Amino acid sequence: MSEYNPCLDCGACCGYFRVSFFWGECQSAGGLVPDDLVVQINPTRVAMIGTDAKPCRCIGLDGEIGKQVACTLYANRSTPCREFEASWTHGVYNPSCDAARAHYGLAPLTPPEANEPHWPDDDGAAVA
Ligand code: SF4
Ligand code: SF4
C-alpha cells in the first residue's frame, strides 16, 4: 500500500504548537523521548525544545516546512505527536492541522475522495 502522506511535505504543526507532555514519557523515566530534546515547563510536564518559544520550531524537525520534512525522533516521539493527525486521516477533520498549515501559507487538506470542495465554514477561511 503506497498512500500519499501529506505530512512529509508539510511539518507545519511541528513549527506552530507547543508540544508538551508528562515528563514520564522521557527516557530517564522509562519512556521513549530523549531527555536532551525536552525542556521542563512545570513540575510534571516537559515540552519539546523549540516549541516553547517564538518562533516555534521543534528541535526534532528536519527539513524545510512546506517543502520536505522529517521527524528525527519519529519512533520516539511523544503522545501528542502520535495523536495529532493530518486532516481527513481516517476521514476525520482536524482544524488544528488547517491552522498550522495556514500559518505557513499552506492550503487546507481536502478529503482524498472529494470531487468538489466542501470547506468547513467554521474556521478562518483560506483563500485559494
Ligand atoms: S499540519 Fe497537518 S499536514 Fe502538516 S505535518 Fe501537521 S498533521 Fe501533517
Ligand atoms: S517530535 Fe517530531 S513529530 Fe513531534 S513536534 Fe517534533 S518534529 Fe514534530
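Rules used throughout
Residues numbered from 1 in each chain as written. Chains lettered and ligands numbered in written order. Predicted model: local features only at pLDDT ≥ 70, side-chain atom pairs only at ≥ 80, totals over all residues. Heavy atoms only, no water. Helix = DSSP H or I, 4+ residues; strand = E, 2+ residues; numbered from the N terminus. Pairing = 2+ DSSP bridges. Salt bridge = Lys/Arg side-chain N within 4 Å of Asp/Glu carboxyl O. Buried < 20%, exposed > 50% of the residue type's maximum accessible area, 1.4 Å probe, protein only. 1 Å grid on protein atoms, 1.4 Å probe; cavity = no way out; pocket = protein on both sides within 12 Å on 5 of 7 lines; lining within 4 Å. Points joined across faces, edges and corners; volume = space filled by probe spheres on them. Nonpolar A, V, L, I, M, F, W, Y, C, P; charged D, E, K, R; others polar. Near = heavy atom within 4 Å. Sits in = over half its atoms within 2 Å of the grid points.

(A) Geometry of unusual backbone geometry. With omega at -5°, the peptide bond leading from lysine 54 into proline 55 counts as cis. Mapped onto the fold, proline 55 is located in the loop between strand 3 (45-48) and strand 4 (61-64). The backbone of tryptophan 88 sits at a positive phi, close to 80°, despite the residue not being glycine.

(B) Region of the structure containing the pairing of strand 3. Taken together, the three bridges between strand 1 (residues 20-22) and strand 3 define a ladder with antiparallel strand orientation. Its bridge partner lying in strand 3, phenylalanine 22 is registered against arginine 45. Of the pairings in the sheet, the one linking strand 2 (residues 38-42) to strand 3 comprises four bridges and is antiparallel in character. Looking at strand 3, one finds that valine 39 is bridged to alanine 47. Between strand 2 and the antiparallel strand that follows it, strand 3, lie two residues.

(C) Inspection of the pattern of salt bridges at higher detail. Applying the stated criterion across every chain, the model contains one salt bridge. Across the salt bridge formed by aspartate 52 and arginine 18, the nearest N and O atoms sit 3.1 Å from each other. Of the two residues, aspartate 52 is situated in the loop between strand 3 and strand 4 and arginine 18 in the segment before strand 1; the sequence distance between them amounts to 34 residues. Judged by its relative accessible area of 37%, aspartate 52 is partly exposed.

(D) Expanded view of the layout of surface pockets. Of the pockets and cavities examined, the largest pocket occupies roughly 1100 Å³. Asn5, Cys7, Phe84, Glu85 and Ala86 are the residues nearest the centre of the largest pocket, which is lined by 39 residues in total. Of all elements in the fold, only strand 5 (68-71), helix 1 (79-83) and helix 2 (95-103) reach the threshold of two or more residues within the lining of the largest pocket. A per-class count over the lining of the largest pocket returns 27 nonpolar, six polar and six charged.

(E) Spotlight on the site of ligand 1. Contacts to ligand 1 come from Cys7, Cys10, Gly11, Ala12, Cys13, Phe84, Glu85, Ala86, Cys97, Arg101 and Leu109. Among the cavities detected, the one that contains ligand 1 is the largest pocket. Split into classes, the residues belonging to the shell around ligand 1 amount to eight nonpolar, one polar and two charged.

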